Amino acid sequence: MSAESSLDPARLDKVINLAKRRGFVFPSAEIYGGFRSTYDYGPLGVLMLRNVKNAWWRSMVQLRDDVVGIDAAILSPPAVWAASGHLATFTDPLVDCKQCNERLRADQIDGQCPKCGSRDLTEARAFNLMFKTHAGPVEDDGTVAYLRPETAQGMFTNFLNVLTTTRKKPPFGIAQVGKSFRNEITPGNFVFRTREFEQMELEFFVPPAEAATWYDYWINERFRWYHDLGIDPNHIRIRHHDPEELSHYSAGTADVEFLFPWGWGELEGVANRTDYDLRAHSEASGTKLEYYDQASNERWFPHVIEPAAGATRAMMAFLLDAYHEDEVEGETRSVLRLHWRLAPYQIAVLPLSKKPELEEISQRVRRALAEHFMVDYDVTQSIGRRYRRQDEVGTPFCVTVDFDSLDDGAVTLRDRDTMEQVRISIDALVGEVLQRTYGR
Ligand code: GAP
């Protein structure tokens, strides 16, 4: 696919439509008219989103011996966000249009209201993006709590816990996947920017002298991750931030960007956070978040390299990039060429008829495959229609069970991308599909 076609605005509508029609993503509370750019993940979306997160976890935790995971609380006390700097600086500039009362982000508009065209706007004021609530039945200053706007702080506040329980030493990392919340002034573009979303973050703690090397390492690793999972290399790029763009904690940030239908947009930021966070939490809490090196009898604050990705935003990019239309037997076929690790179902079992003897053998095939893969089972409609349905949701393989299967103990295995079909014995099927997936 060329860069031009990935910029086609119709592509976004087609993918949003497919996502709704086939059960990936539904507008939240739709029966009540929807709720402010929130979304629910349907039967296929929950599978795919989980696959995105699992692919990240596999690459960042499972395949490495220098990263461990945590799952920290979403609710947290103001002290955490005072120390991290979020209470003071995690703001966007908010302006109101005096004509139509639209609320706008001053840095996203050119002094003009995009709704009514007026230039009569209020002065910009800092709007804090954190969701504030109260923990417990009393709503006073002492019970204020925040929904975390990033997962990162859980890794810093648990730094010593992890250090002492795992006996890791820098360079090592702490990874976390989970929900974050930001009261975005202008959410939009489907799940690109929402107020509730999921992040996949790594805080990688390194000796200060190694920070620059690890920063480059993680930029390359993270670019490779998207590429390995099938994103067209023409549709991703690295963009280094200018000094004036840097967050309050950052000595250097580079974004992995994807070519969305409206242009380049951030998928992930890789930041050199220096020792900002560990020092800030040490000073505020009185607990020294340092590494003690027994060999040299020295204490020091590690520096932190942070690759911070959005799971829900990445899922949207994977969907957009996988969407293709091609001609099959004179008809347009829409197909999601998703990597098998990301596809909601890796394989579908399609008995040619609902006759009990075929269903019995088909269910046996399904159960054997389900030990290793997420399997769909579909007996409705013509086989051609069923193949199209599986192509449209990205299922890499289909298995057809027909009446010959009863005699020869074999089934037909079809590949989504080549549409090649091979006859294969049921006994060899699981091994063959394992070979075509994990074996590659
Ligand atoms: N700890 C650093 C941090 O949170 P960030 O660049 O603000 O950095 C990291 O967020 C990633 O989280 C972004 O690159 C994006 O993929 C995702 N993200 C941030 N805000 C989001 C939102 N409102 N909706 C969806 N994803 C979002």
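Since this is a predicted model, take the numbers as computed values, not measurements.

**A closer look at the layout of surface pockets**
Okay, step 1: There is about 1,200 Å³ of room inside the largest pocket.
Okay, step 2: Elements with a contribution of two residues or more to the lining of the largest pocket: α5 (86–89), β5 (91–96), β11 (196–206), β13 (252–260), β14 (263–274), β17 (303–310) and α10 (311–322).
Okay, step 3: It is β14 that provides the largest number of residues to the lining of the largest pocket, a total of eight residues.
Okay, step 4: Its residues placed into classes, the lining of the largest pocket shows twelve nonpolar, 13 polar and 17 charged.
Okay, step 5: Shared between two domains, the lining of the largest pocket holds at least three residues of each, these being domain 1 (3–77 + 130–319) and domain 2 (91–128).

**Points about the side chain of Ser76**
Okay, step 1: With respect to the helices, strands and loops of the structure, Ser76 is situated in strand β4 (residues 75–76).
Okay, step 2: Overall, Ser76 belongs to the buried group, its relative accessible area being 10%.
Okay, step 3: A polar side-chain atom of Ser76 sits 2.8 Å from a polar atom in the side chain of Trp81.
Okay, step 4: If we ignore the near neighbours within four places in the chain, the residues touching Ser76 are Trp81, Ala145 and Tyr146.

**Comments concerning the packing of aromatic side chains**
The geometry of an aromatic ring pair is captured by the separation of the ring centres together with the interplanar angle, meaning the angle of the planes.
Okay, step 1: A full pass over the atoms with the stated rule returns 20 aromatic pairs.
Okay, step 2: Measuring from ring centre to ring centre gives 4.9 Å for Trp225 and Tyr226, while their planes differ by 85 degrees; the resulting arrangement is edge-to-face.
Okay, step 3: Exposure remark for Trp225: the relative accessible area of 5% places this residue in the buried category.
Okay, step 4: For Tyr226, a relative accessible area of 1% puts it in the buried group.
Okay, step 5: Counting every residue linked through ring pairs, the aromatic cluster contains Phe156, Phe159, Phe172 and Phe205.

**Quick look at the packing of helix α11 (residues 356–370) against helix α14 (residues 426–436)**
Okay, step 1: In contact at an axis separation of 10 Å, α11 and α14 are set at 30 degrees when each is read in the N-to-C sense. Relative to α14, α11 is oriented roughly parallel. Handedness of the crossing formed by α11 with α14: right-handed. Seen from α11, the contacting residues are Ile361, Val365, Ala368 and Leu369; seen from α14, they are Ile426, Leu429, Val430 and Val433.
Okay, step 2: Classifying every residue of the contact of α11 with α14 gives eight nonpolar, no polar and no charged.

**Brief notes about the site of the ligand**
Okay, step 1: Near the ligand you find 21 residues, and of these Glu150, Arg182, Thr194, Glu201 and Glu266 are the closest.
Okay, step 2: A distance of 2.7 Å is found between a nitrogen atom of the ligand and a side-chain nitrogen or oxygen belonging to Glu150.
Okay, step 3: Measuring from a nitrogen atom of the ligand, one finds a backbone N or O atom of Phe192 at 3.4 Å.
Okay, step 4: Calculation on the ligand without its partners gives an accessible area of 560 Å², and the protein chains cover 91% of this total.
Okay, step 5: Assessed atom by atom at 2 Å from the grid points, the ligand resides in the largest pocket.
Okay, step 6: Among the secondary structure elements, those contributing two or more residues to the shell around the ligand are β11, β14 and β17.

**Things to note about the environment of Gly111**
Okay, step 1: Here Gly111 shows up in the loop between β6 (103–105) and β7 (125–128).
Okay, step 2: Along the chain, Gly111 and Leu121 lie ten residues apart, while their C-alpha atoms are 7.5 Å from each other.
Okay, step 3: Once you skip the residues sitting within four places of it in the chain, Gly111 turns out to touch Ser118, Arg119 and Leu121.

**Looking at the domain arrangement of the protein chain**
How big an interface is tends to be expressed through the accessible area that disappears when the partners come together.
Okay, step 1: Here the protein chain is described as being made up of domain 1 (3–77 + 130–319), domain 2 (91–128) and domain 3 (345–437).
Okay, step 2: For domain 1 and domain 2, the distance between their C-alpha centres works out to 28 Å.
Okay, step 3: Facing the six residues of domain 1 at the interface are nine residues of domain 2.
Okay, step 4: Regarding the contact of domain 1 and domain 2, the summed buried area is about 600 Å², with carbon and sulfur atoms giving 51% of it.

**Looking at the sheet that holds strand β24 (residues 421–425)**
Okay, step 1: What the five strands build is an open sheet, ordered β21-β20-β22-β23-β24; its pairing is mixed. The open sheet is flanked by β21 (375–377) and β24, the only strands paired with a single partner. This sheet shows a mean twist of 25 degrees between the axes of neighbouring strands, independent of strand direction.
Okay, step 2: Two elements, strand β23 (residues 410–415) and β24, share five bridges in a ladder whose sense is antiparallel. Following the sheet pairing, Leu413 is matched in β24 by Val422.
Okay, step 3: In this fold α11 packs onto β20 (347–351), β21 and β22 (397–401), with an angle of close to 165 degrees to the strand it touches most, β21.
Okay, step 4: Each of β20, β21, β22, β23 and β24 is contacted by helix α12 (residues 383–392), which is oriented at about 170 degrees to β20, the strand it contacts most.

**Digging into the pattern of salt bridges**
Okay, step 1: On inspection of all chains with the given rule, the structure shows 35 salt bridges.
Okay, step 2: In this structure, the salt-bridge partner of Asp120 is Lys98, at a minimum N-O distance of 3.9 Å. Within this pair, whereas Asp120 is found in the loop between β6 and β7, its partner Lys98 is found in the loop between β5 and β6, the two being separated by 22 residues in sequence.
Okay, step 3: Between Arg239 and Glu245 there is a salt bridge, with its nearest N and O atoms 3.0 Å apart.
Okay, step 4: By relative accessible area, which is 25% here, Arg239 ends up partly exposed.
Okay, step 5: Assessed through its relative accessible area of 34%, Glu245 is described here as partly exposed.

Scoring rules and cut-offs
- Counting starts from 1 at the beginning of each chain's written sequence and moves along it residue by residue.
- Thresholds applied to this predicted model are a pLDDT of at least 70 for local features of residues and 80 or more for the giving and counting of side-chain atom pairs; totals over whole chains, interfaces and linings are not thresholded and use all residues.
- As a rule here, side-chain values come from all non-hydrogen atoms in the structure, and water together with hydrogens is ignored.
- Buried and open spaces are told apart on a 1 Å grid over the protein atoms alone, a cavity being a set of points where a 1.4 Å probe fits but cannot get out and a pocket being an open set with protein on both sides within 12 Å along at least five of seven lines. Residues with an atom within 4 Å of a point are the lining residues.
- Grid points are joined across faces, edges and corners, and a volume is the space filled by probe spheres set on the points.
- Helix and strand assignments come from DSSP, with helices taken as H or I runs of at least 4 residues and strands as E runs of at least 2, each series counted from the N terminus.
- Polar here means any residue other than Ala, Val, Leu, Ile, Met, Phe, Trp, Tyr, Cys and Pro, which are nonpolar, and Asp, Glu, Lys and Arg, which are charged; Gly is therefore polar.
- An automatic or database domain assignment is the source of the domain bounds shown.
- Note on exposure labels: buried denotes an accessible area under 20% of the residue type's maximum, exposed denotes more than 50%, and partly exposed covers the range between, all computed with a 1.4 Å probe on protein chains only.
- As used in this structure description, the phrase polar contact means that two N or O atoms lie within 3.5 Å; if the pair is within protein, one of them must be able to donate a hydrogen and the other to accept it, and residues adjacent in sequence are counted only when both atoms belong to side chains.
- By definition, residues are in contact when any of their heavy atoms lie within 4.5 Å.
- The criterion for an aromatic pair is that two Phe, Tyr or Trp rings (for Trp, the six-membered ring) have centres within 6.5 Å, with stacked assigned to planes under 30 degrees apart, edge-to-face to planes over 60 apart and tilted to the rest.
- To define axes, lines are fitted to C-alpha atoms, for helices over the stretch in contact only, and angles between the resulting N-to-C directions are given on a 0 to 180 degree scale.
- Any angle that falls under 35 degrees is termed roughly parallel, while one over 145 is termed roughly antiparallel, one within 65 to 115 roughly perpendicular, and all others oblique.
- Note on convention: near helix rotated counterclockwise from far helix by under a right angle means a left-handed crossing. Clockwise means right-handed.
- The rule for a residue being near a molecule or strand is that one of its heavy atoms must lie within 4 Å of it.
- Computed with a 1.4 Å probe, the accessible areas rest on the Shrake-Rupley method; for each residue, only the protein chains presented here act as cover.
- In this description, a molecule resides in a pocket or cavity if more than half of its atoms sit within 2 Å of the grid points defining it.
- Values labelled buried area give the accessible surface lost by two parts on being combined, using a 1.4 Å probe and summing over both.
- Strands are labelled as partners when DSSP assigns at least two bridges between them.
- Counted as salt bridges are all cases of a side-chain nitrogen of Lys or Arg within 4 Å of a carboxyl oxygen of Asp or Glu.

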